[in-house]
There are 2 protein chains.
Amino acid sequence: MKILFDKANILFQNGKSIKNGYLVVDGKKITYISNIKPEGHFDRVIDCSKKMLCPGLYNCHAHSPMSIFRGYGENLPLDRWLSEKIWPAEDKLTEADVYLSSMLSIAEMLKNGIISFSDMYFFSETTAKTIIESGIKANIGRCITAFDDTITAETDTRFKEGVELHKTYHNAADGRLKIDMSIHAEYTTVENTCRYVSDYALENGIGMQIHLSETAKEHAEGIARRNGLTPAEFFLKTGVFRANTTAAHCVHLSDNDIKILSENGVTAAHNPASNLKLGSGVMPLAKLIDAGVNVTLGTDGSASNNTLDILKEAYIASLLQKGTTGDTSKFRADVFVSMATENGAKAQGRVGAGILKEGAPADIILIDLNAINTIPYFDLADTFLFSANSSNVYMTMVDGKILYENGEFTTIDEEKLKFDFSNMIENFYGR
Amino acid sequence: MKILFDKANILFQNGKSIKNGYLVVDGKKITYISNIKPEGHFDRVIDCSKKMLCPGLYNCHAHSPMSIFRGYGENLPLDRWLSEKIWPAEDKLTEADVYLSSMLSIAEMLKNGIISFSDMYFFSETTAKTIIESGIKANIGRCITAFDDTITAETDTRFKEGVELHKTYHNAADGRLKIDMSIHAEYTTVENTCRYVSDYALENGIGMQIHLSETAKEHAEGIARRNGLTPAEFFLKTGVFRANTTAAHCVHLSDNDIKILSENGVTAAHNPASNLKLGSGVMPLAKLIDAGVNVTLGTDGSASNNTLDILKEAYIASLLQKGTTGDTSKFRADVFVSMATENGAKAQGRVGAGILKEGAPADIILIDLNAINTIPYFDLADTFLFSANSSNVYMTMVDGKILYENGEFTTIDEEKLKFDFSNMIENFYGR
C-alpha cells in the first residue's frame, strides 16, 4: 500500500515545518518528504491542503484496563481513592472485564491520535491481546509489588508472570508490542525485588516502568523508610536505573533526584491532569528539562484523569509551566510537541520513531486545520498545542496502517465494543 | 413547537439529578420535568436514553471579535502580547472583519454548549447583529477606556457609543441581547469616567463589565497610582460596584478586595486557561467561594485562550483548585456545574435562567453519554466535569430553538462562514 499525503502542512519537531509539502508512506515506512511533488503510482492520495500532518502521539504512562473505573470515586485524595475505591474493585476484575476495558482505552487513544502507550497493570496477557488485535503500539509491564524481603526471583509469582509475558510477547506483532519490567513504586517494593527485576530487564535489554514521588506524603515517608534515601536514591541504589526506565509522575523531586534522573537517562513521564485532580501537585517541568531529563507525557489511568488524551496533557503541561512560573516564553510549543512524540519513542526504546523523516515508521496523525476552533492558524506547533484538541484528530496511522479515520475505526467495531462494555459494567458493579 | 426529551438523564444543580426522566419544552419555556411520562401530542420526541440533559452554559468573559487573532502572538506575557501584537492589529480592524470574527466565535460557542456570553470590545453594533442573527444570548458592552481626567459624559465618544448601543439594542431579540456598560480596567480609566459610566448603568438598571487585577504587576501599579487603593477599592470608591458588575480575572485580590466583591454582589468571572497561558497566575477560587462571591467562568478572547470552551474552563478550574491546594474534596462537581450555568445567569441579570425547572427559559444542552470517553458514568455532575468534553455536546437549544444538533448549525452556514473567514484572514494579514 503506497499512500501520498498531498499538499500537506507537515509539522516537524523543533519548530521547523513544511507548508504545502508531500509525504509518501510505502508499506510500514515513510519513504519521501519534500516540497516537490513525487511522481509514480499511489494506491491512495489523501488531500491534506487543510490538514496538519504530525508524528503520532505517545502516552507514556497508562493503566489501560482502568477505563472500567472511570468516574468511580471522584473528589478523593490519592490514598483514600486507592484504598476505599480502586483496590477493592480491582479484586473483582476478571479477564473478560480487562479485555473490554483495555480495548475501550485503546479505541479512545487511537481516536485521540495516540499511536503508542506505556502500560503497567496486571492481567497483562489480556491487554497484550488487545494491543495485537487493535494495531496500536505499546510497551507493557506486569506491575510487580512486594512487601517481603525474603522473597526471591524463584518465589515471586508476579515477577514470574512478568518474565512469562516477556518470553511470550516481547516484540510480538512485528515489534509493535514490547514487554517492559515494572516495579509499582518505592512504597510497594523491597530492595531484593528491585535487584532481580532490574537484573532481568538489563540482561534482556528491555525497559522498566515505575511510579516515582507522585505525592509529597509518599516521598517523605519513603525517606523515613529508607534511612534518608529519597525514592529516586533508593531506585538508584537498588540498580533499577541501570535499565531504560520511565518514571511516572516525578512531582516531588529533590535537586539531587533530578540529577540522578538526568545522569541515568531516566525518562520522567509528566501526568499533569492526574496529578492536579488527585491533589498531588505540579511536576517541576522546567527544572527537569533544564537538567537534561527526557520528559514525556502520560495520561495515567481513566480512573484518575478521566480521559486518555495526550493533546490535553500537552496543553495543560504548557499552561501550568507558564501559569505557575509566570514565564510565558521559556518554552515554545515545539518543546511540548517533542514531549508528546519523539521523547516518547525514546522512552519506549523505539529508535528512529516519533519523528517524521524518510525511513521512520509511518506513525502519523492528521489534524483538521479547517475546524471552527483551528482557524486561523499561524505557527503549526502553536496550533497543535493551543488551538487543536482531540476532536480535531482526523486520522491515526500506525506502521502505515490507518486505524482511525474521520470518526471510524478500521480494526475495532465501536458500537459492538460500547455495547459489550456497557453490559459488562452493569454486571461488574452488580457483583 | 412542543418537544419531549424522552428518557433523559437530567442534571440539576446541587448534585440532584433525575435518571430516566421527562422534560417538555413548549415554545420558549420548560413546561414540565418529571419521572412520569407526560401525555399529549409533541411535535418532536428526542430519545435521550443515552444522553445527559444540562442547563446551557454561560461564558461570562469574552471578546468575541478576537477569533481573528487566534494563535497570533503566542508565548508572550500579557503586556508584551498586548502592546506588540494585539493593539497594532486591532488598529486595522474593520466592521466586516468583526462580523465574521464574532460569528465564528458564536459558532464555536454554540458547538461547545454555550448559550449566552458576556462580551466587551468595540465595533459592538456589529457584534450585536451577529448575536441577533445567530440566536445565541449575550450581554455586551462597548469597552470604554479613558486617560484624561477632564473628559465628561458629553465629550466621551466611547461612552456615547455605549449609550447609543444601549438605546438601540438593549433587550433586542425578545431579551436575548442585553447591553451592559463596560469600563476596560483600573489601569485604563479615570475616576470621572467611572462615575458617569456607572451612573448610567445604575439609572438604567443594566450590568457592568470590567477587568480586575488580572496580573500582579497591574495590581501593584494600581495601588501606587491610586494612593494606596487597590483596583477593587478604586472601583468601589468611584461607584462602579453600585451596578450589577462582572469583574473578569480577579487573580490578584487582597482579602479586603474579596470582602468588597462579596458585600457589593460583584461577580468574579474566572478565566483559568487564559490566566495560566498569559502567566498571570491562578485565581484564589476557594477564598472567593468561601466569602460568598458569585463565581462564574469565562474563556477570555480566542487570542489568549485559544478556544471558547466552558466545559474546558470548568475542568481546568476544578483541577487547579484540587492541585494547587491539595484539597481534593472541598468542592464537589456540582459547584463547577453551577459556576458554568446558574451563576452565569445571575451575573447577566437573567432571573430564573441557568437552571432546569418548569417556567425557566428552555436553554438546554444534550451531552452524549455513550461516547468512548463518557462510559461508564456514575454521578452526572462528575461526568459533566471530568469525563465529558465539548466534542460530546450533541445539541444546543436557546429559548426553545435548536441552534446546533449532531454537528449541524440551524442558523449558521458553517462552510460559508469558514470560507469567508479564511478569505478575510488572508486579506487582513496582507494589509
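From a predicted model like this one, the values you see are computed outputs, not experimental measurements.

Caption draft 1: Structural detail: the overall build of chain A. Of regular secondary structure, chain A possesses 15 helices and 18 strands. By the compact-globule yardstick of 22 Å for 431 residues, chain A fits well, its C-alpha radius of gyration being 21 Å. Seen through its C-alpha atoms, chain A measures out along the principal axes to roughly 65 × 50 × 45 Å. Entry remark: accessible area of chain A is about 14300 Å², with carbon and sulfur atoms responsible for 50%. Positive and negative side-chain charges of chain A, numbering 43 and 55 respectively, have mean locations separated by a distance of 3 Å.

Caption draft 2: Structural context of the relation of the copies chain A and chain B. At an RMSD of 0.0 Å, chain A and chain B line up after a rotation of 180° and a shift of 0.0 Å along the axis. The symmetry that links the two subunits is that of a two-fold axis. It is A:Ser391 whose C-alpha, among those of chain A, lies nearest the rotation axis, at 3.0 Å.

Caption draft 3: The pattern of salt bridges, seen in detail. Residue and element names in this part refer to chain A. Within the structure shown, the criterion is met by 42 salt bridges over all chains. Notably, a salt bridge pairs Arg80 with Glu84, separated by 2.8 Å at the nearest N-O pair. Of this pair, Arg80 and Glu84 both sit in helix α1 (residues 78–90), four residues apart, which is roughly one turn of that helix. Using a relative accessible area of 44% as the deciding quantity, one classes Glu84 as partly exposed. One continuous salt-bridge network, built from bridges that share partners, spans Asp6, Lys7 and Lys37.

Caption draft 4: Spotlight on the pairing of strand β13 (residues 267–270) of chain A. All names here are of chain A. Covered by surrounding structure in β13 are Thr267 and Ala269 together with Ala268 and His270, the residues of both alternating faces. As defined by bridge partners, strand β12 (residues 245–249) adjoins β13 across three bridges and the pair is classed as parallel. Note that in β13 the partner of Thr246 across the bridge is Thr267. Crossover handedness for the path β12 to helix α8 (residues 255–263) to β13: right-handed.

Caption draft 5: Highlighting the domain arrangement of chain A. All names here are of chain A. In terms of domains, chain A is made up of domain 1 (2–55 + 360–409) and domain 2 (57–347). Distance from the C-alpha centre of domain 1 to the C-alpha centre of domain 2: 29 Å. For the pair domain 1 and domain 2, the summed buried area comes to about 2300 Å², and 67% of that belongs to carbon and sulfur atoms. In this assembly, domain 1 and domain 2 are joined by three salt bridges. Lys28 serves as the salt-bridge partner of Asp174, at 2.5 Å between the closest nitrogen and oxygen. Taken together, domain 1 and domain 2 are joined by six residue pairs in polar contact (both at pLDDT 80 or more). Taken together, the elements giving at least two residues each to the side of domain 1 that touches domain 2 come down to α14 (380–387), β16 (393–398) and β17 (401–405). Per element, the largest residue contribution to the side of domain 1 that touches domain 2 is five residues, and it comes from α14. For the side of domain 1 that touches domain 2, a count of residues per class yields 14 nonpolar, six polar and four charged.

Caption draft 6: Layout of the nonpolar core. Ranked by internal contacts, the top residues of the largest apolar core, which has 244 residues, are A:Phe69, A:Leu261, A:Phe384, B:Phe69, B:Leu261 and B:Phe384. In contact with A:Phe69, other than residues within four places in its own chain, are A:Ile86, A:Ala89, A:Glu90, A:Leu93, A:Tyr121, A:Ala303, A:Phe428 and A:Tyr429.

Caption draft 7: Region of interest: α8(A). Residue and element names in this part refer to chain A. Looking only at α8, the buried set comprises Asp257, Ile258, Ile260 and Leu261. Each buried residue of α8 sits inside an arc of 155° when the element is viewed along its axis, so together they form one side. Those residues of α8 that are exposed and aimed more than 90 degrees away from the buried face are Asp255 and Glu263. Tucked into the core, α8 has its buried residues touching β11 (208–212), α6 (216–225), α7 (231–237), β13 and α10 (285–290). Note on α8: the residue one or two positions beyond its end, Gly265, has a positive phi of about 65°.

Caption draft 8: Inspection of the interface of chain A and chain B at higher detail. The partner chain B presents 54 residues to the 54 residues of chain A that form the contact. A per-residue breakdown of the area chain A buries against chain B is headed by A:Asn75, A:Ile372 and A:Phe378, which together make up 18% of the total. Inspection of the region where chain A meets chain B yields zero salt bridges. Along the contact surface separating chain A from chain B lie 15 residue pairs in polar contact (both at pLDDT 80 or more).

Caption draft 9: The arrangement of the packing of helix α12 (residues 333–340) of chain A against α14(A) in detail. Residue and element names in this part refer to chain A. At their nearest, the axes of α12 and α14 sit 8 Å apart, and the two run at 70° to each other. Classed by the angle they form, the pair α12 and α14 counts as roughly perpendicular. Residues Ala333, Asp334, Phe336 and Val337 of α12 form the contact with α14, whose participating residues are Ala381, Asp382, Phe384 and Leu385.

Caption draft 10: Molecular detail of the packing of aromatic side chains. Inspection of the entire model under this criterion finds 24 aromatic pairs over all chains. With a centroid separation of 5.5 Å and an interplanar angle of 65°, the aromatic rings of B:Phe234 and B:Phe235 are classed as edge-to-face. Considered together, B:Phe234 and B:Phe235 belong to a single accessibility category, that of buried residues. Every member of this aromatic cluster is reached through a ring pair, and the members are A:Phe69, A:Tyr72, A:Phe428, A:Tyr429 and B:Phe378. Taking the ring centre of A:Phe234 as reference, the NZ or CZ of A:Arg226 above it sits at 4.0 Å. The lysine or arginine in question, B:Lys277, covers the ring of A:Phe386, its NZ or CZ lying 4.4 Å from the ring centre.

Caption draft 11: Spatial organisation of the environment of A:Pro38. Mapped onto the elements, A:Pro38 comes out in the loop between β3 (29–34) and β4 (44–47). The sequence separation of A:Pro38 and A:Val197 amounts to 159 residues, and the corresponding C-alpha distance is 50 Å.

Caption draft 12: Spatial organisation of the confidence of the model for chain A. Model confidence for chain A is summarised by a mean pLDDT of 96, while 99% of its residues fall at 70 or above. Among the scores for the predicted complex, ipTM is 0.97 and pTM is 0.97.

Caption draft 13: Structural context of the environment of A:Leu285. All names here are of chain A. Of note, Leu285 is situated in helix α10. Linking Leu285 and Ser318, residues 33 residues apart in sequence, is a C-alpha distance of 9.3 Å. Those residues in contact with Leu285 that lie beyond four places of it in its chain are His270, Val295, Ala317, Gln321, Phe336 and Met339.

Caption draft 14: Local environment of the packing of helix α2 (residues 95–111) of chain B against helix α15 (residues 414–430) of chain B. Residues and elements named next belong to chain B. At a minimum axis separation of 10 Å, α2 and α15 run at an interaxial angle of 135°. Comparing their axes, α15 and α2 come out oblique. The chirality of how α2 crosses α15 is left-handed. In this structure, α2 contributes Asp97, Leu100, Ser101, Met103, Leu104 and Ala107 to the contact, and α15 contributes Leu417, Asp420, Phe421, Met424 and Phe428. A breakdown of the residues in the contact of α2 with α15 according to their chemical character gives eight nonpolar, one polar and two charged.

Caption draft 15: Inspection of the environment of A:Thr341 at higher detail. All names here are of chain A. Positionally, Thr341 belongs in the loop between α12 and α13 (342–347). Distance from Thr341 to Leu57, taken between C-alpha atoms, is 5.1 Å for residues 284 residues apart in sequence. Within the local environment of Thr341, its side chain forms a polar contact with the backbone oxygen of Val337, the two atoms lying 2.7 Å apart.

Caption draft 16: Broad picture of unusual backbone geometry. All names here are of chain A. The amide bond that connects Asn305 to the next residue, Asn306, takes the cis arrangement and shows omega of 10°. Mapped onto the elements, Asn306 comes out in the loop between β14 (294–297) and α11 (310–325). In this structure, Asn171 is a non-glycine residue whose phi angle is positive, near 65°. Using a relative accessible area of 38% as the deciding quantity, one classes Asn171 as partly exposed. Here the phi dihedral of His249 falls at roughly 90°; this positive angle occurs in a residue that is not glycine. Looking at where His249 falls in the secondary structure, it is placed in strand β12.

Caption draft 17: Helix α2 (residues 95–111) of chain A, seen in detail. Compared with an ideal rise of 1.5 Å per residue, which puts 17 residues at 24 Å, α2(A) spans 24 Å between its outermost C-alpha atoms and is within 8% of the ideal. Looking one or two places after α2(A), you find A:Gly113, whose phi comes out positive at around 85°.

Calculation criteria
- Residues numbered from 1 in each chain as written.
- Chains lettered and ligands numbered in written order.
- Predicted model: local features only at pLDDT ≥ 70, side-chain atom pairs only at ≥ 80, totals over all residues.
- Heavy atoms only, no water.
- Helix = DSSP H or I, 4+ residues; strand = E, 2+ residues; numbered from the N terminus.
- Rg over C-alpha atoms; globule rule 2.2 N^0.38 Å.
- Areas by Shrake-Rupley, 256 points an atom, 1.4 Å probe, with all protein chains shown as cover.
- Lys, Arg positive; Asp, Glu negative; His and termini not counted.
- Charge placed at Lys NZ, Arg CZ, Asp CG, Glu CD.
- Least-squares fit on C-alpha atoms with pLDDT ≥ 70 in both.
- Salt bridge = Lys/Arg side-chain N within 4 Å of Asp/Glu carboxyl O.
- Buried < 20%, exposed > 50% of the residue type's maximum accessible area, 1.4 Å probe, protein only.
- Pairing = 2+ DSSP bridges.
- Right-handed = clockwise from strand over helix to strand, strands pointing away.
- Domains from an automatic or database assignment.
- Buried area = accessible area lost by both parts, 1.4 Å probe.
- Polar contact = N/O pair within 3.5 Å; in protein donor to acceptor, adjacent residues only side chain to side chain.
- Nonpolar A, V, L, I, M, F, W, Y, C, P; charged D, E, K, R; others polar.
- Core = buried A, V, L, I, M, F, W, Y, C linked by side-chain atoms within 4.5 Å.
- Contact = heavy atoms within 4.5 Å.
- Arc of directions from axis to C-beta.
- Axes fitted to C-alpha atoms, helices over the stretch in contact; angles between N-to-C directions.
- Parallel < 35°, antiparallel > 145°, perpendicular 65-115°, else oblique.
- Phe/Tyr/Trp six-rings, centres within 6.5 Å; stacked < 30°, edge-to-face > 60°.
- Lys NZ or Arg CZ within 6 Å of the ring centre and 35° of its normal.
- pLDDT = per-residue confidence, 0-100.
- Left-handed = near helix turned anticlockwise from the far one by under 90°.
- Expected span 1.5 Å × (residues − 1).

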